[in-house]
Amino acid sequence: THTHTHTHCVCKYSYGLSCFSPASVPQLTNSPTLIVMVGLPARGKTYISKKLSRYLNWIGVPTKVFNLGQYRREAVQSYKNFEFFRPDNEEAMQIRRACATNALEDVVIYFSKEHGQVAVFDATNTTRERRISIVSFSKEKGYKVFFVESICDDPDIIAQNITEVKVSSPDYVNCDKDEAQADFLKRIECYKQTYVPLDDEKDRHLSYIKIFNVGSRYLVNRVQDHIQSRIVYYLMNIHVTPRSIFLSRHGESELNLLGRIGGDSGLSPRGHKYATALGGFIKGQHIKDLKVWTSHMKRTIQTAEHLGIPYEQWKALNEIDAGVCEELTYEDIQENHPEEFALRDQDKYRYRYPKGESYEDLVHRLEPVIMELERQENVLVVCHQAVMRCLLAYLLDKTADELPYLKCPLHTVLKLTPVAYGCRVEHICLNIEAVNTHRERPGNVDITRNPEEALKTIPDHF
Amino acid sequence: ICFSKPALPLCMTNCPTLIVTVGLPARGKTYISKKLTRYLNWIGVPTREFNVGQYRRECVKIYKSFEFFRPDNEEGLKIRQQCASAALNDVRQYLADKGGQVAVFDATNTTRERRGTITAFAEQNGFKVFFVESVCEDPEVIAENIVQVKLGSPDYTNCNTEEAMEDFKKRIKCYENSYETLDEVLDRDLSYIKIMDVGRRYLVNQVQDHIQSRIVYYLMNIHITPRSIYLCRHGESDLNVKGCIGGDSGLSPRGKEFANYLGQFIQSQEISDLKVWTSQMKRTIQTAEAVSVPYEQWKALNEIDAGVCEEMMYEEIQQHYPLEFAMRDQDKYRYRYPKGESYEDLVQRLEPVIMELERQENILVVCHQAIMRCLLAYFLDKTAEELPYLKCPLHTVLKLTPVAYGCKVESIYLNVDAVNTHRDRPEVGISTYSHTDTDFVADLVNIRGNLCYA
């Protein structure tokens, strides 16, 4: 073997630790990027900010949202009414300007000291004056700027937004629904007077996307680089139509019973029972136009067969490739590859099985699946433990550290329904017994540990 | 089970899609049509373009002058309408009878009336419609287009450059007065992308489904800035020398020599802002190290996973897996090694690489034989049948430069000997394969060409 030092390699890891090699995404950007939201209140800016930030973090781009409303709530402890937002309210204007300055200062800290790569400045930014000052600030600091403007004149959508996320805001904790609604509408009026949308002519040198009426139309101007192109693609694929995503693993497999990882075995008798029960459950849900996706592996396909609905197979949904550890039990792995076993416990997200994959690799191969999940409406995904953990981490905004330890037991369906800024999760256990395949991180992850310490947390098997 | 199914999701819609270009002459419609068709075919969506200009040339054997295109030329108009109808008829056949999934109707389609006719045609036949309009008023870009693709057109074989340029400009004028661009209000129910100023700006309206979303993403990532793409394999590896496939070995001494020569070659080319990409395997990384330019590693560029056949010689594969070996020769594109991958799988994992290659400018990709075949097939519009047999010898750099509607290819052999790793498609069928057949093994060796046994 070579002990090669890479004098010109852009990646972070030295050659010797090939089990922690970088994943498949090229360096997305050298300069940090400041995404600047633009739009009247209740146009979905915070919804977009949070969703975009969740997606970017999941694909490995450290991203943080800076919501101006939160800064304002910290500065002005209790909100009285819409009068605060009147354009002639000098005192309030001063406070609001100070909040913006504080938020931008925090952006600087995020980029320079906290290894942030993308910051989303979530505020109305409805005047040209405000946007010009942000652009000069960014130029000074060497940040790229990308504007995301949301334009909507559909009163039903606006009313719906207000109900979903404004009425329950800390600002309206002491108001009833109708009072809150009325006040918020007056708040919007305050901004309307001075709102200047991004202009085709005057703003032709800026980089931006304008989203009209929740995505029926987009205007995209001067995309500068890869990350902006990915952001545009993502924004053009998300929608707000109500729907549910059902996630389930395949039924218990023959190899599951033996405590062996990976492989391509069929379902055990209990696994078949689960598949039938799943079919019954799905029917009982009366889901409109349900799409069903499986991997290319026998156990997910056999599970889907019982549903009586057409399904599509994605190779990208195949279980994590355990390389040299395929079809071994944890005891086998400890006996034959004790060092690898320990290294995996040290950094389960980035650890790559020799001749296999890491969770980080999984995320990259699942990205097209996520993109298509965003486009779809009602979907049932029948997949595998590691794959389901990755998908769940995306949908529930879990970190890379939490991801490999998310609990995804056999014979349990997760029903995820987007609501407000996140996802409501329902766990439905279909009451068919199965082995437990979840292995917690053991206390001792040192390569010098003894076998008992390594095997302490392995689940039971036959 | 060893043949992969189409790797991409089939939610590519059941309805075929009709893409309709819109725009004045010399706005890049044919460039976009051909490029889009090439991309869609490569990712496995059967696509064909139908260029009305070609139908017109077949109908009116000799092009005289721009007068043919005058809006008051009744006879000309009749012929042009017939040509459009003939083309649409072929579109219908392709999408309804011949298994096509996408048809690109490449014509000016500059009036609302014409587009209305096409929309009605599509509705009648159950096709979805997606318009791609190219709007450009930059006289330099237009002049450059005319020079690159119009002057060499069959229409102008007997004209000199000035005559051709003059005539073509008058041709454009004929369309200008009746040109109705896609309108935000009047056309708000149509699905379309409007590309403005060669991609500075885009207006995207009512994207209906996955394939349209992919088309939009692709169109937003391509550019026409001149640049070159350099493709080469890693230097000869230790496993290459042994005649083994796959694995993760380092460079042989000759491979290291190649790496040095590659570094010198790259320097001599004096390329501005060169990016270098490698896979995550030792042999490409070692090769790139010698180039002395920062490089990025892509896992997606790793060689095809030969599964149970990894690190075997072809003779060993024949001995241990004779049936598999024969199946692979039957359909090398779709054949998937047990516990490994197929070429079709490769194409799917390379798609993000292609997308990023489109965004980039000057770039050197140091990769592997099967990978290079897939990338080459994309750039040179090779079919799935041809792809697995494209010749990508070691120690040879391919320099691809986009020109007109395609790619100019220069092959530069860097004069360092290496084994030949190319295996042509054998002529024999399954029944003659048996692992005791020594003649077959001899044939194998012959097909493989010069080989060094360690």
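Residues numbered from 1 in each chain as written. Chains lettered and ligands numbered in written order. Predicted model: local features only at pLDDT ≥ 70, side-chain atom pairs only at ≥ 80, totals over all residues. Heavy atoms only, no water.

## A word on the overall build of chain A
And then number 1: From N to C terminus, chain A includes 15 helices and 12 strands.
And then number 2: Relative to the compact-globule value of 23 Å for 462 residues, chain A shows a C-alpha radius of gyration of 25 Å, a close match.
And then number 3: The principal-axis extents of the C-alpha atoms in chain A amount to approximately 75 × 60 × 40 Å.
And then number 4: Here chain A holds 462 residues, and 56% of them are scored as buried. (Helix = DSSP H or I, 4+ residues; strand = E, 2+ residues; numbered from the N terminus. Rg over C-alpha atoms; globule rule 2.2 N^0.38 Å. Buried < 20%, exposed > 50% of the residue type's maximum accessible area, 1.4 Å probe, protein only.)

## Let's talk about unusual backbone geometry
Residue and element names in this part refer to chain A.
And then number 1: Here His-115, not a glycine, exhibits a phi torsion of approximately 60°, which is positive.
And then number 2: Structurally, His-115 can be placed in the loop between helix H3 (90-113) and strand S3 (118-122).
And then number 3: By relative accessible area, His-115 is classed as exposed at 66%.
And then number 4: Positive phi outside glycine occurs at Lys-355, with the angle close to 65°.
And then number 5: Checked against the element boundaries, Lys-355 lands in the loop between helix H12 (338-346) and helix H13 (359-375).

## What to know about the sheet that holds strand S7 (residues 229-233) of chain B
Residue and element names in this part refer to chain B.
And then number 1: Spatial strand order, S9-S8-S10-S7-S11-S12: 6 strands in an open sheet with mixed pairing. Looking along the sheet, the strands with just one partner apiece sit at the ends: strand S9 (295-297) and strand S12 (406-413). Each strand of the sheet is rotated relative to its neighbour by a mean of 20°, with strand direction disregarded.
And then number 2: In this structure, strand S8 (residues 275-278) lies alongside S9, joined through 3 bridges in parallel fashion. Following the sheet pairing, Trp-277 is matched in S9 by Glu-296.
And then number 3: Contacting S7, strand S10 (363-367), strand S11 (396-403) and S12, helix H14 (residues 369-380) runs over the sheet at an angle of about 155° to S7. (Pairing = 2+ DSSP bridges. Axes fitted to C-alpha atoms, helices over the stretch in contact; angles between N-to-C directions. Contact = heavy atoms within 4.5 Å.)

## Regarding the pairing of S10(B)
Residue and element names in this part refer to chain B.
And then number 1: Counting buried positions along S10 gives 5 out of 5 residues, so the element sits mostly inside the fold.
And then number 2: Judged from the 5 bridges that link them, S7 and S10 form a sheet pairing that is parallel. Counterpart to Tyr-230 in the pairing with S10 is Leu-364.
And then number 3: Pairing of S8 with S10 involves 3 bridges; the strand directions are parallel. Across the sheet, Lys-275 pairs through a bridge with Ile-363, a residue of S10.

## Some points on the state of the cysteines
And then number 1: Going through the model one piece at a time under the given rule, you end up with 0 disulfides over all chains.
And then number 2: Free cysteine: A:Cys99, not disulfide-bonded; nearest cysteine sulfur from A:Cys190 at 17 Å.
And then number 3: Residue B:Cys159 stays outside any disulfide, its sulfur separated by 15 Å from that of B:Cys174, the closest cysteine.
And then number 4: According to the relative accessible area criterion, B:Cys159 is partly exposed, its value standing at 34%. (Disulfide = S-S within 2.5 Å.)

## Observations concerning the packing of aromatic side chains
And then number 1: By the definition in use, this model includes 30 aromatic pairs over all chains.
And then number 2: Measuring from ring centre to ring centre gives 5.2 Å for A:Phe84 and A:Phe85, while their planes differ by 80°; the resulting arrangement is edge-to-face. Neither A:Phe84 nor A:Phe85 differs from the other in exposure class; each is buried.
And then number 3: Their ring planes at 70° and their centres at 6.3 Å tell us that B:Tyr156 and B:Phe168 sit as a pair that is edge-to-face. With B:Tyr156 in the loop between helix H5 (139-150) and helix H6 (161-176) and B:Phe168 in helix H6, this residue pair connects regions lying 12 residues apart in the sequence. Take B:Tyr156 and B:Phe168: they sit in the same class, and that class is buried.
And then number 4: Here A:Arg54 stacks its cationic end above the ring of A:Tyr394, 4.8 Å away from the centre of that ring.
And then number 5: Cation over ring: A:Arg217 sits above A:Phe212, and NZ or CZ is 4.3 Å from the ring centre. (Phe/Tyr/Trp six-rings, centres within 6.5 Å; stacked < 30°, edge-to-face > 60°. Lys NZ or Arg CZ within 6 Å of the ring centre and 35° of its normal.)

## Describing the side chain of A:Lys210
Residue and element names in this part refer to chain A.
And then number 1: When you line up the elements, Lys-210 lands in strand S5 (residues 208-212).
And then number 2: Owing to a relative accessible area of 7%, Lys-210 belongs among the buried residues under this scheme.
And then number 3: A polar side-chain atom of Lys-210 sits 2.6 Å from the main-chain carbonyl oxygen of Leu-198.
And then number 4: Residue contacts for Lys-210: discarding those within four places in its chain leaves Glu-149, Ile-151, Pro-197, Leu-198, Arg-217, Tyr-218 and Leu-219. (Polar contact = N/O pair within 3.5 Å; in protein donor to acceptor, adjacent residues only side chain to side chain.)

## What about the sheet that holds strand S7 (residues 245-249) of chain A?
Residues and elements named next belong to chain A.
And then number 1: Taking strand neighbours across the sheet as the criterion, the 6 strands line up as S9-S8-S10-S7-S11-S12 in an open arrangement whose pairing is mixed. One side of each edge strand has no neighbouring strand; the edge strands of this open sheet are strand S9 (311-313) and strand S12 (422-429). With strand direction ignored, the average angle separating the axes of adjacent strands in the sheet is 20°.
And then number 2: Relative to strand S10 (residues 379-383), strand S8 (residues 291-294) runs parallel, the two being bridged by 3 bridges. Its bridge partner lying in S10, Trp-293 is registered against Val-381.

## Observations regarding the UniProt feature "binding site: substrate" (unreviewed entry) in chain A
Residue and element names in this part refer to chain A.
And then number 1: The feature "binding site: substrate" (unreviewed entry), as annotated in UniProt, sits at Arg-249, His-250, Gly-251, Glu-252, Ser-253, Glu-254, Leu-255, Asn-256 and Arg-299 in this numbering. Spanning 51 residues, the named residues form one tight spatial group whose C-alpha atoms are at most 14.1 Å apart.
And then number 2: One can find Glu-254 in helix H8 (residues 254-257).
And then number 3: The contacts of Glu-254, once residues within four sequence positions are left out, are Ser-265, Gly-266, Leu-267, Ser-268 and Pro-269.
And then number 4: Examined against the element boundaries, Arg-299 turns out to sit in helix H10 (residues 298-305). (UniProt positions renumbered as here; feature names shortened; annotations may be inferred.)

## Considering the environment of A:Pro242
And then number 1: Within the secondary structure, A:Pro242 is located in the loop between helix H7 (226-237) and S7.
And then number 2: Separated by 175 residues in the primary sequence, A:Pro242 and A:Thr417 have C-alpha atoms spaced 7.8 Å apart.

## What about the pairing of strand S6 (residues 217-221) of chain A?
And then number 1: In terms of burial, S6(A) is largely enclosed, as 5 of its 5 residues are buried.
And then number 2: Residues of S6(A) alternate between two faces, with A:Arg217, A:Leu219 and A:Asn221 on one and A:Tyr218 and A:Val220 on the opposite face, all of them buried.
And then number 3: Bridge analysis of S5(A) against S6(A) gives 5 bridges, and the strand direction is antiparallel. Across the sheet, the residue bridging to A:Lys210 is A:Leu219, located in S6(A).
And then number 4: Here S5(A) hands over to S6(A) after 4 residues, with A:Asn213 in that stretch at a positive phi of 45°.
And then number 5: Pairing analysis gives 5 bridges linking S6(A) to strand S6 (residues 201-205) of chain B, with the strands arranged antiparallel. Within the sheet, the bridge partner assigned to A:Tyr218 lies in S6(B) and is B:Val204.

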